[in-house]
Amino acid sequence: MKIENQNLIQGSSYLRGDEYQFDRVKFMIDNMSENLAFVQYLKSNKNFNKIEKLEALEDFKKRFQVYRTNWKSNPINAYKDNNFENYLPLCLDIETASICDLACPHCFREYIITPDKIMNFELFKKIIDTAVKWKVPSIKLNWRGEPLLNPKLSKFIYYAKSNGILEVSINTNATNLDEKKSNELIDSGLDLIIYSFDGGTKKTYEKMRPSRFKNNKFEDVLKNIRQFNEIKKQRMKKFPITKIQMVLTNETRKEINNFYDLFSNCVDDVTVTQYTERGGNLDSINTDKRNKLTNYLNKNNLDDNTNFYVGADDEIYVSSGRKPCEQLFQRLMITFDGRVAMCCHDWGAQHCLGFIDKRSFEIDKTVKELEKNIKDKKKGFELLANAKKPKKFNEPDQKICSLENIWNGNELNNIRKLHQLKKLDQIKICKNCDFKDTYEWKKIGE
């Protein structure tokens with residue numbers, strides 16, 4: 001097994017075999033003829049001749065390549081040119097379900113009260129219609145919850161794909177990925193499914209991923225993931241691409257090899273990602289690494305709270321400063337009830353940018369009900385005892401706005417300007433953000 005640093009997610013790594021090196025962009029382009037967005041496009045243009053079909057296919061391929069190129073170049077150019085209005089989002093993160101059936105100790109849900117709700121199709125359709133108008137190439141159908149708990153998820157995916165969205169993805173814990181749901185997801189046209197699975201052994205996995213409602217068993221989830229792979233092979237389907245990721249903590253770090261061995265033969269990509277502090281205060285490194293880090297900080301007169309991370313290769317990196325966040329020109333985050341958050345690291349939508357649905361205005365009532373459920377130790381809330389009401393760092397006027405007005409609005413543009421000037425500390429939600437891509441890094445020993 002080889003460890004290869006990801007170039008898009010700081011501090012996270014691919015776990016790769018000696019021979020096969022999966023390339024998602026190349027795979028998407030090479031198999032564009034089976035992308036449901038393209039298939040549906042041809043169906044709506046039945047009179048295309050052979051040449052026109054080939055030209056359409058090349059256009060779809062080019063659009064996807066441009067999307068992936070723009071993912072890195074748009075933020076750089078926007079901050080450089082100081083012309084924010086020339087850029088549209090490349091991805092919409094749509095919270096199809098905020099409910100989750102697990103209570104993972106490293107998840108913000110254990111510390112910030114999060115509604116057990118799902119998005120309705122009417123709101124989803126409204127969002128997708130805007131995405132189509134914007135020609136947004138990508139959507140991700142989850143944020144704080146488990147998308148498979150929305151019974152209409154496959155309908156959501158199919159609607160997006162039928163309307164031309166190039167890439168539709170989900171993150172899932174796979175606890176509910178039974179045979180029926182597996183087939184539904186494949187039929188929906190889903191492009192990418194990312195499994196979240198923490199641990200390379202039964203003991204660690206079940207400690208890291210306890211259930212709120214029933215026992216969550218290592219062997220059951222492992223079976224679901226392997227079964228999905230078998231169904232896809234039996235049906236001879238290219239999509240969805242499958243990826244699995246594990247959060248690096250002190251406990252899971254010891255099991256990287258086990259993790260790779262469990263999944264290397266049943267998913268396309270095996271990855272590990274950095275632990276980000278969301279309230280759990282879990283150890284991401286062992287005592288020896290902690291001592292080495294402490295000695296380095298003391299020797300260089302750095303604050304004990306200096307941000308750091310340890311890669312999968314055990315190299316230690318410390319922050320040498322902040323840099324503008326690329327997400328402000330890459331994506332927009334929409335909650336189940338139509339609140340628009342600044343980014344997917346704004347847990348609790350604490351810096352709300354605006355509202356696109358009147359259901360948004362009921363959030364305080366919903367949170368109050370959840371506070372009571374936690375206090376009363378209602379079934380499913382026993383493990384959420386430490387969850388508190390989310391803070392409000394921004395309170396926009398309670399009026400319905402369009403996504404266009406929010407994306408190009410003064411609030412978000414003012415935030416972008418502060419990032420451009422590297423004044424992230426002036427934005428409360430950004431000041432203590434643990435997103436590794438907003439820091440400059442220096443490896444200890446260099």
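Keep in mind it's a predicted model, so treat the numbers as computed, not measured. Note on numbering: residues in each chain are counted from 1, in written sequence order. The model is predicted, so local features are restricted to residues of pLDDT at least 70 and side-chain atom pairs to those at 80 or more, both for listing and for counting; the totals for chains, interfaces and linings are taken over all residues. Remark: hydrogens and water are excluded; side-chain values derive from all non-hydrogen atoms of the structure.

Caption draft 1: Region of the structure containing the packing of aromatic side chains. Two rings from Phe, Tyr or Trp (for Trp, the six-membered ring) form a pair when their centres sit within 6.5 Å of each other. Planes less than 30 degrees apart are called stacked, planes more than 60 degrees apart edge-to-face, and all others tilted. Enumeration over the complete set of coordinates arrives at 26 aromatic pairs. Ring geometry for F38 against F60: centres 5.3 Å apart, planes inclined by 75 degrees, an arrangement best described as edge-to-face. Of this pair, F38 sits in helix α2 (residues 36–43) while F60 is found in helix α3 (residues 50–81), placing the two residues 22 residues apart along the sequence. The exposure classification of F38 matches that of F60, with both residues buried. Relative to Y317, the ring of Y309 lies with its centre 4.8 Å away and its plane at 15 degrees, an arrangement referred to as stacked. Here's how the labels work: a residue is buried when its accessible area is under 20% of the maximum for its type, exposed when over 50%, partly exposed in between, all with a 1.4 Å probe on protein chains only. The exposure class assigned to Y317 is buried, which follows from its relative accessible area of 15%. Grouped by ring-pair contacts, the aromatic residues F197, Y205, F218, F259 and F263 constitute a single cluster. Definition used: whenever NZ (Lys) or CZ (Arg) falls within 6 Å of the ring centre and also within 35 degrees of the ring normal, the charge is taken to sit over that ring. Taking NZ or CZ as reference, R68 lies 4.8 Å from the ring centre of Y67, over its face. In this description a helix means any DSSP run of H or I spanning at least four residues, a strand means any run of E spanning at least two, and both kinds are numbered starting from the N terminus.

Caption draft 2: Layout of the environment of A78. Looking at the secondary structure, you find A78 in helix α3. Once the C-alpha coordinates of A78 and A131 are considered, the two residues, 53 residues apart in sequence, prove to be 20 Å apart. Contacts: residue pairs with any heavy atoms within 4.5 Å of one another. What A78 contacts, discounting residues up to four positions off in sequence, is N83, F84, Y87 and F329.

Caption draft 3: Quick peek at the state of the cysteines. Here, a disulfide means two cysteine sulfur atoms that sit within 2.5 Å of each other. Summed over all chains, the structure comprises zero disulfides. Of the cysteine sulfurs around C100, a residue in no disulfide, the closest is that of C104, at 6.2 Å. Take C107: it sits in no disulfide, and the sulfur closest to it among the cysteines is that of C104, at 6.1 Å. Here C107 falls in the buried class, since its relative accessible area comes to 14%.

Caption draft 4: Spatial organisation of the packing of helix α5 (residues 153–162) against helix α6 (residues 179–188). Geometry is summarised by axes, namely lines fitted to C-alpha atoms with helices restricted to the contacting stretch, and by angles between N-to-C directions that run from 0 to 180 degrees. Closest axis-to-axis distance for the α5/α6 pair is 8 Å, and the angle between their directions is 10 degrees. One finds that α5 runs roughly parallel with respect to α6. Between α5, through L153, S154, I157, Y158 and K161, and α6, the contact on the second element is made entirely by E184, L185, D187 and S188. Amino acids outside the nonpolar list (Ala, Val, Leu, Ile, Met, Phe, Trp, Tyr, Cys, Pro) and the charged list (Asp, Glu, Lys, Arg) are all regarded as polar, and Gly is one of them. Split by residue class, the contact of α5 with α6 holds four nonpolar, two polar and three charged. Roughly parallel means an angle under 35 degrees; roughly antiparallel, over 145; roughly perpendicular, 65 to 115; everything else is oblique.

Caption draft 5: Broad picture of the environment of N286. Within the fold, N286 resides in the loop between β8 (269–274) and α10 (287–299). Separated by 3.3 Å, the side chain of N286 and the backbone nitrogen of D288 make a polar contact. Polar contact is the term for a pair of N or O atoms within 3.5 Å; when the atoms are in protein, one must be able to donate a hydrogen and the other to accept it, and sequence-neighboring residues count only if both atoms are side-chain atoms.

Caption draft 6: Here's a closer look at the nonpolar core. The biggest cluster of nonpolar side chains holds 76 residues, and the ones touching the most others in it are L92, F124, I139, L141, L185, I225 and F263. Discounting residues that sit within four places of it in the chain, I225 has contacts with A174, Y195, F197, I244, F263, C266 and V267. Listed in part, the 20 residues of the second largest apolar core include F22, F27, M28 and C91. What makes a nonpolar core is a set of buried Ala, Val, Leu, Ile, Met, Phe, Trp, Tyr and Cys residues whose side-chain atoms join them at distances within 4.5 Å.

By themselves, these figures tell us nothing about what the structure is for.
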